[in-house]
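# Tertiary structure, described
Given next are the chains, with one letter for each unit.
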Amino acid sequence: QVQLVESGGGLVQPGGSLRLSCAASGSISSFYAMDWYRQAPGGKQRELVARFTRGGATNYADSVEGRFTISRDNAKNTVHLQMNSLRPEDTAIYYCHADLFTSATTLGSYWGQGTQVTVSS
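Residues numbered from 1 in each chain as written. Predicted model: local features only at pLDDT ≥ 70, side-chain atom pairs only at ≥ 80, totals over all residues. Heavy atoms only, no water.

Another point: the environment of F52. In this fold, F52 is placed in strand 5 (residues 47-53). Considering only alpha carbons, one finds F52 and S17, 35 residues apart in sequence, at a separation of 20 Å. Ignoring sequence-local partners within four residues, the contact set of F52 consists of A33, M34, D35, A57, T58, I70, S71 and R72. (Helix = DSSP H or I, 4+ residues; strand = E, 2+ residues; numbered from the N terminus. Contact = heavy atoms within 4.5 Å.)

Attention now moves to the state of the cysteines. Tallying each qualifying case throughout the model produces 1 disulfide. Through a disulfide, C22 is tied to C96; the S-S separation comes to 2.1 Å. The disulfide joining C22 to C96 has a torsion of about -80° about its S-S bond and is therefore left-handed. Here C22, found in strand 3 (residues 18-26), pairs with C96, found in strand 9 (residues 92-101); they are 74 residues apart in sequence, far enough to count as distant. Here the two residues C22 and C96 agree in accessibility, since each one is buried. (Disulfide = S-S within 2.5 Å. Buried < 20%, exposed > 50% of the residue type's maximum accessible area, 1.4 Å probe, protein only.)

Counting residues in each nonpolar core, the largest one holds 29 residues, and the members touching the most others are W36, L81, M83 and Y94. Take this core: its biggest share by element is 5 residues, from strand 9. (Core = buried A, V, L, I, M, F, W, Y, C linked by side-chain atoms within 4.5 Å.)

A word on the sheet that holds strand 7 (residues 68-73). As a general point, the strands of a sheet are linked pairwise by backbone hydrogen bonds and lie either parallel or antiparallel. Strands sit in the order 1-3-8-7 across an open sheet of 4 strands; the sheet is antiparallel. What marks the edges here is a single partner per strand, and that holds for strand 1 (2-7) and strand 7. Across the sheet, the mean angle from the axis of one strand to that of its neighbour is 15°, orientation sign disregarded. Relative to strand 3, strand 1 runs antiparallel, the two sharing 6 bridges. From the neighbouring strand, Q3 faces strand 3, where its bridge partner is S25. (Pairing = 2+ DSSP bridges. Axes fitted to C-alpha atoms, helices over the stretch in contact; angles between N-to-C directions.)

Written out as C-alpha cells, the structure is:
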C-alpha cells in the first residue's frame with residue numbers, strides 16, 4: 001500500500017511564499033512522475049500545477065510558470081513545491097499525485113489527501 005502525505009499549506013498574504021511537501025511511503029519500487037494539482041473553491045476539476053518526471057524534467061502550468069518550483073528529494077521519496085509571489089487566485093486545495101511502480105511491472109496512480117492554501121490579505 002502507498003501513502004502520500006502533504007504538508008506546508010496555510011494562510012499567506014499576496015506576494016508571500018509557501019513551501020509544500022509530499023512524502024511518499026509504502027511498497028514503492030520506482031517513480032514514473034510526481035505532480036502537484038490544485039482545485040479552486042467551487043472548481044469542478046483539478047488543475048495540473050507542476051510535474052517532475054522520472055528523467056528529471058519539470059513542467060508547469062502557464063499560470064504558475066516563473067513563480068513556482070517543483071523539486072524532488074530522491075533519498076526521502078519526497079517532492080516539494082516552492083510557491084513564490086502568491087496571488088489570491090492561487091487559493092485552492094493542493095493535492096500531491098504520483099504515478100509509481102509497486103513492482104517491476106505494476107504502475108499505479110496515487111493521491112494525497114490535500115492541503116489548503118489560502119492567499120488573502
